[in-house]
Amino acid sequence: MTRTLLLRGMLVGLVAGLVVFAFARWTAEPQVDRAIAFEASMNQAKGESPEPELVSRKIQRGIGLLTGAVVYGSALGGIFGLVFAFSQGRFGVSSPRALALWIAVLGYISVALVPSLKYPANPPSVGSPETIGMRTAAYFLAIALSLASMTLSLQLSRRLRRRFGVWNGSLLAVFLFVLLMVTLSSFLPAVDEVPQAFPASLLWKFRIASCEMQLLLWGTLGVLFGWLTERAHAGPLEQHAAE
């Protein structure tokens, strides 16, 4: 069963990656082109020669973006399937669709939304090349802390719900997660490297598109995985009822 859920998750993740690729070509890539044009104009104003393009924009926005979206989606889908296998029967959610959607919501919050509040996505020309290692490490540390806080809150939520009731226990678990992330995030390094002349509208549109792509990715995973799993569960039950 675990192997089946893993493969199903990877397949769903591949489909989600294709959906995100199409969406990115439509919304995010135009903002990337504008950011690159802004960087080129700034370099020209300073009298600096443009940096050599290691990979052409045609490849970046075509096969490069497609490969990245599909590989990332498939890997995330496989992890999604494993988490689904582990979560079955542990959180009082019997419906595969409901469980898949619940995992997708929690995954989006802990992996995408919360870390981006501390370190939002930035287009090209935003961020110093000298700090890219520090910024990358800090971002992945924020994801790890968010996942750890979410896991701890979920573990304690069952005890809190038994003691204080479902509604109050759930609210206390949410408050615990928020409190942990606010506290832990305060110890992470602050990053503010947006050039003074960078267009605010461009930065805003790029960050919104990034959030939308993550939401689309997790939403597709939750809906499609839950639908396929529920169909797979319903098949044997219908066959048994017919017998």
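Residues numbered from 1 in each chain as written. Predicted model: local features only at pLDDT ≥ 70, side-chain atom pairs only at ≥ 80, totals over all residues. Heavy atoms only, no water.

Participant: What is the right way to read the overall build of the chain from this model?
Facilitator: Summing up its helical and strand segments, the chain has six helices and zero strands in all. Along the chain, helices (α) and strands (β) appear in the sequence α-α-α-α-α-α when read from the amino end. Oriented by its inertia axes, the alpha-carbon framework of the chain measures out at about 80 × 40 × 25 Å. The burial tally for the chain puts 34% of its 243 residues in the buried class. (Helix = DSSP H or I, 4+ residues; strand = E, 2+ residues; numbered from the N terminus. Buried < 20%, exposed > 50% of the residue type's maximum accessible area, 1.4 Å probe, protein only.)

Participant: Sorry if this is basic, but what is going on with helix H4 (residues 132–164) here?
Facilitator: In an α-helix there are 3.6 residues to a turn, and that puts residues three or four apart on one side. In this model H4 runs 45 Å from its N-terminal to its C-terminal C-alpha over 33 residues, within 8% of the 48 Å that 1.5 Å per residue would give. The sharpest bend along H4 comes to roughly 30°, located at Ser157. Where H4 is concerned, the buried positions are Ala138, Ala142, Ile143, Ser146, Ser149, Met150, Ser153, Ser157 and Leu160. Check the buried side of H4 and you find it contacts helix H3 (96–118) and helix H5 (166–185). Residue Gly165 follows H4 closely and has a positive phi angle near 95°. (Expected span 1.5 Å × (residues − 1). Bend = angle between axes of the 7 residues up to and from the residue. Contact = heavy atoms within 4.5 Å.)

Participant: I would appreciate a short explanation of H3 in the present structure.
Facilitator: The terminal C-alpha atoms of H3, which comprises 23 residues, lie 33 Å apart, in line with the 33 Å expected from a rise of 1.5 Å per residue. Maximum bend of H3: about 35°, positioned at Ile109.

Participant: Sorry if this is basic, but what is going on with the packing of helix H2 (residues 57–87) against H3 here?
Facilitator: Two numbers describe a pair of packed helices, the interaxial angle and the distance between the axes. Packing of H2 against H3 brings their axes to within 10 Å, and their N-to-C directions diverge by 120°. When the axes of H2 and H3 are compared, the pair comes out oblique. Between H2 and H3 lies a crossing of right-handed hand. Contacts from Phe80, Val83, Phe84 and Ser87 of H2 reach H3 at Pro96, Leu99, Ala100, Ile103 and Ala104. (Axes fitted to C-alpha atoms, helices over the stretch in contact; angles between N-to-C directions. Parallel < 35°, antiparallel > 145°, perpendicular 65-115°, else oblique. Left-handed = near helix turned anticlockwise from the far one by under 90°.)

Participant: Would you mind showing me how to read the confidence of the model for the chain here?
Facilitator: Reading fine detail from the predicted coordinates is not recommended where pLDDT is low. Residues of the chain with pLDDT of at least 70 account for 91%, and the chain-wide mean is 86. Low pLDDT, under 50, characterises residues 237–243; the stretch is placed with zero contacts to residues that sit more than four places away or in other chains. (pLDDT = per-residue confidence, 0-100.)

Participant: I'm lost on the packing of H3 against H4 in this one. Help?
Facilitator: Where H3 contacts H4, the axes come no closer than 9 Å and their chain directions differ by 145°. In this structure, H3 crosses over H4, and the sense of that crossing is right-handed. Here Leu106, Ile109, Ser110, Val111, Val114 and Pro115 of H3 come into contact with H4, specifically with Tyr139, Ala142, Ile143, Ser146, Leu147, Met150 and Leu154. Classifying every residue of the contact of H3 with H4 gives eleven nonpolar, two polar and no charged. (Nonpolar A, V, L, I, M, F, W, Y, C, P; charged D, E, K, R; others polar.)

Participant: Just checking my understanding: could you explain a nonpolar patch on the surface for this structure?
Facilitator: A surface patch of nonpolar side chains, amounting to about 360 Å² of accessible area, comprises Leu11, Leu14, Val15, Leu18 and Val19. Structurally, the position occupied by Val15 is in helix H1 (residues 2–45). (Patch = residues over 30% accessible without salt bridge, like charges linked within 9 Å, V, L, I, M, F, W, Y side chains within 5 Å. Areas by Shrake-Rupley, 256 points an atom, 1.4 Å probe, with all protein chains shown as cover. Salt bridge = Lys/Arg side-chain N within 4 Å of Asp/Glu carboxyl O.)

Participant: Explanation requested: the packing of aromatic side chains in the structure shown.
Facilitator: Remark: the centre distance and the inter-plane angle together describe each pair of aromatic rings, the angle taken between the planes. As enumerated under the stated definition, the model contains four aromatic pairs in all. For the ring pair Phe84 and Phe225, a centre distance of 5.0 Å and an interplane angle of 65° mean the geometry is edge-to-face. Pair noted here: Phe84 is in helix H2 and Phe225 is in helix H6 (residues 200–242), with a separation of 141 residues, a long-range link. The two residues Phe84 and Phe225 agree in class, both being buried. Grouped by ring-pair contacts, the aromatic residues Phe80, Phe84 and Phe225 constitute a single cluster. (Phe/Tyr/Trp six-rings, centres within 6.5 Å; stacked < 30°, edge-to-face > 60°.)

Participant: Would you mind showing me how to read the pattern of salt bridges here?
Facilitator: If charged atoms from side chains of opposite charge come close, those side chains can pair. Evaluation of the coordinates by the stated rule reveals two salt bridges. Arg61 is the partner of Asp33 in a salt bridge, and the nearest nitrogen-oxygen pair spans 2.8 Å. Highlighted residues: Asp33 in helix H1 and Arg61 in helix H2, separated in sequence by 28 residues. With relative accessibility at 29%, the residue Asp33 sits in the partly exposed group. For Glu230, the salt bridge identified is with Arg97, shortest N-O distance 3.4 Å. Within this pair, whereas Glu230 is found in helix H6, its partner Arg97 is found in helix H3, the two being separated by 133 residues in sequence.

Participant: Explanation requested: the nonpolar core in the structure shown.
Facilitator: Among soluble globular proteins, nonpolar side chains are generally buried collectively. Residues Phe80, Phe84, Met213, Trp218, Leu221 and Phe225 are the most contacted members of the largest nonpolar core, which totals 24 residues. Elements that contribute at least two residues to this core include exactly H1, H2, H3 and H6. When residues no more than four places from it in sequence are discounted, the contact partners of Phe225 are Leu5, Arg8, Gly9, Val12, Phe80, Gly81, Phe84, Ala100 and Thr220. By size, the runner-up hydrophobic cluster in this structure holds six residues, among which are Ala35, Phe38, Val126 and Phe198. (Core = buried A, V, L, I, M, F, W, Y, C linked by side-chain atoms within 4.5 Å.)

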